[in-house]
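# An overview of the molecular structure
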Amino acid sequence: MKKFNLFKEIIVVDKSKLLEAIESQKHFGIRIDGAIRHEPFTIEDILIYSGVAEMNAHLEGALGKNYQLVVDANRVLIKAFSNWQEIIGYNTPRASYDDTTADGVDEFSTKEMEEIGWNATEFNISYRDLVDMLEDKCDGTIICLEQESPYMFSGLGFIANLDDAKNMLFDYCQKEIKKLMSEDEDFALENLNDDELQATRFFNLLPQ
């Protein structure tokens, strides 16, 4: 997955299309690739702005005080990191997972992926383990704020193909749990509790 770090990125928008959206006085969004979109937004719409812009303001202030705009002949260049809290709100309903809190990721957005994650925790496989694997193996985008010193990260993940991600999660957990059961005495079959046994059946490691 690719990171879109709002500390570093400048979003480039077509000036005429932005003016048209503002003058319509309808709710619109600006995606991270600079495209203008209107409701209903889809899972592909990762937004840096969502709302009805201020018609009476100069273009530089039309999106609100938390956006830095530079206008030239045909383009508007936007820095959006100061509006991060609002951007979380725009995007969370469509994100595959939320990594914006101090607690980190604690659930997935789809029922199928969440069921995998919940069962995996019975064998001490954390959501962080699962997300690290997905970010390494899957196509998608992480819209985030990330800085190096002092280190800080906050992000939302958007997986391009959720079916592929679900299958990768299942296979990863099945493999890891099978290894634990063969190598760790605490997870040997005869020592498993009821919840752990249920999880092994879920991952097709025991008969249903």
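Structure: see above.
So, here is what we can say about the structure in this document.

So, on to the layout of surface pockets. Approximately 180 Å³ is the volume attributed to the largest pocket. Forming the walls of the largest pocket are Thr92, Ala95, Ser96, Tyr97, Asp98, Thr101, Gly104, Asp106, Glu107, Phe108 and Ser109. Taken together, the residues that form the lining of the largest pocket break down as three nonpolar, five polar and three charged.

Contact geometry of helix H3 (residues 111-120) with helix H6 (residues 194-202) gives a least axis separation of 9 Å together with a crossing angle of 135 degrees. In this view, H3 runs oblique relative to H6, as classed from their interaxial angle. Viewed along their axes, H3 and H6 form a crossing whose handedness is left-handed. Contacts between H3 and H6 involve Glu115, Ile116 and Asn119 from the former and Gln198, Ala199 and Phe202 from the latter. Taken together, the residues that form the contact of H3 with H6 break down as three nonpolar, two polar and one charged.

Helical geometry note: an α-helix holds 3.6 residues per turn, so side chains three or four residues apart project in the same direction. What helix H1 (residues 15-24) keeps buried is the set Leu18, Ala21 and Ile22. Viewed along the axis of H1, the buried residues span an arc of 100 degrees, placing them on a single side of the element. For H1, the exposed residues lying more than 90 degrees away from the buried face are Ser16, Lys17, Glu20 and Glu23. Lining the buried residues of H1 we find strand E2 (11-14), strand E3 (28-31), strand E4 (36-38) and strand E7 (75-79). Directly after H1, the chain includes Gln25, whose backbone phi takes a positive value near 55 degrees.

With that settled, the discussion passes to the sheet that holds strand E6 (residues 68-71). Across the sheet, three strands lie side by side as E2-E7-E6; this open sheet has antiparallel pairing. Of all the strands in the sheet, just E2 and E6 have a single pairing partner and so form its edges. With direction set aside, neighbouring strand axes in the sheet form an average angle of 25 degrees. One ladder, built from four bridges, connects E2 with E7; its direction is antiparallel. Along E7, the bridge assignment pairs Val12 with Leu77. Contacts from H1 reach E2, E6 and E7 within the one sheet, and its direction differs from that of E2 by about 75 degrees.

Mapped onto the secondary structure, Pro93 falls in the loop between helix H2 (84-91) and strand E8 (97-99). A relative accessible area of 67% places Pro93 in the exposed class.

Turning our eyes to something else, we now look at a negative patch on the surface. Taken together, the side chains of Glu112, Glu115, Asp139, Asp163 and Asp164 make up a negatively charged region of the molecular surface. Counting only elements with at least two residues in the negative patch, the list comes to H3 and helix H5 (162-183). Asp164 sits in the partly exposed class, given a relative accessible area of 41%.

For the rest of this paragraph, the subject is the nonpolar core. Among the nonpolar cores identified, the biggest contains 32 residues, and Leu6, Phe28, Ile30, Ile48, Tyr67, Ile78 and Ile143 are the most heavily contacted of them. Breaking this core down by element, the ones donating at least two residues are E2, H1, E3, strand E5 (47-51), E7, H2, strand E9 (140-147) and strand E10 (152-159). Sort the elements by how many residues they give to this core and H2 lands first, with four residues. Setting aside its immediate chain neighbours within four residues, Phe28 contacts Leu18, Ala21, Ile22, Ile36, Arg37, His38, Phe41, Tyr49, Ser50, Gly51, Ala53 and Leu63. Met113, Ala120, Tyr127 and Ile142 belong to the second-largest nonpolar core, a separate cluster that totals 30 residues.

Reading guide: rules and limits
- Residues numbered from 1 in each chain as written.
- Predicted model: local features only at pLDDT ≥ 70, side-chain atom pairs only at ≥ 80, totals over all residues.
- Heavy atoms only, no water.
- 1 Å grid on protein atoms, 1.4 Å probe; cavity = no way out; pocket = protein on both sides within 12 Å on 5 of 7 lines; lining within 4 Å.
- Points joined across faces, edges and corners; volume = space filled by probe spheres on them.
- Nonpolar A, V, L, I, M, F, W, Y, C, P; charged D, E, K, R; others polar.
- Axes fitted to C-alpha atoms, helices over the stretch in contact; angles between N-to-C directions.
- Helix = DSSP H or I, 4+ residues; strand = E, 2+ residues; numbered from the N terminus.
- Parallel < 35°, antiparallel > 145°, perpendicular 65-115°, else oblique.
- Left-handed = near helix turned anticlockwise from the far one by under 90°.
- Contact = heavy atoms within 4.5 Å.
- Buried < 20%, exposed > 50% of the residue type's maximum accessible area, 1.4 Å probe, protein only.
- Arc of directions from axis to C-beta.
- Pairing = 2+ DSSP bridges.
- Patch = residues over 30% accessible without salt bridge, like charges linked within 9 Å, V, L, I, M, F, W, Y side chains within 5 Å.
- Areas by Shrake-Rupley, 256 points an atom, 1.4 Å probe, with all protein chains shown as cover.
- Salt bridge = Lys/Arg side-chain N within 4 Å of Asp/Glu carboxyl O.
- Lys, Arg positive; Asp, Glu negative; His and termini not counted.
- Charge placed at Lys NZ, Arg CZ, Asp CG, Glu CD.
- Core = buried A, V, L, I, M, F, W, Y, C linked by side-chain atoms within 4.5 Å.

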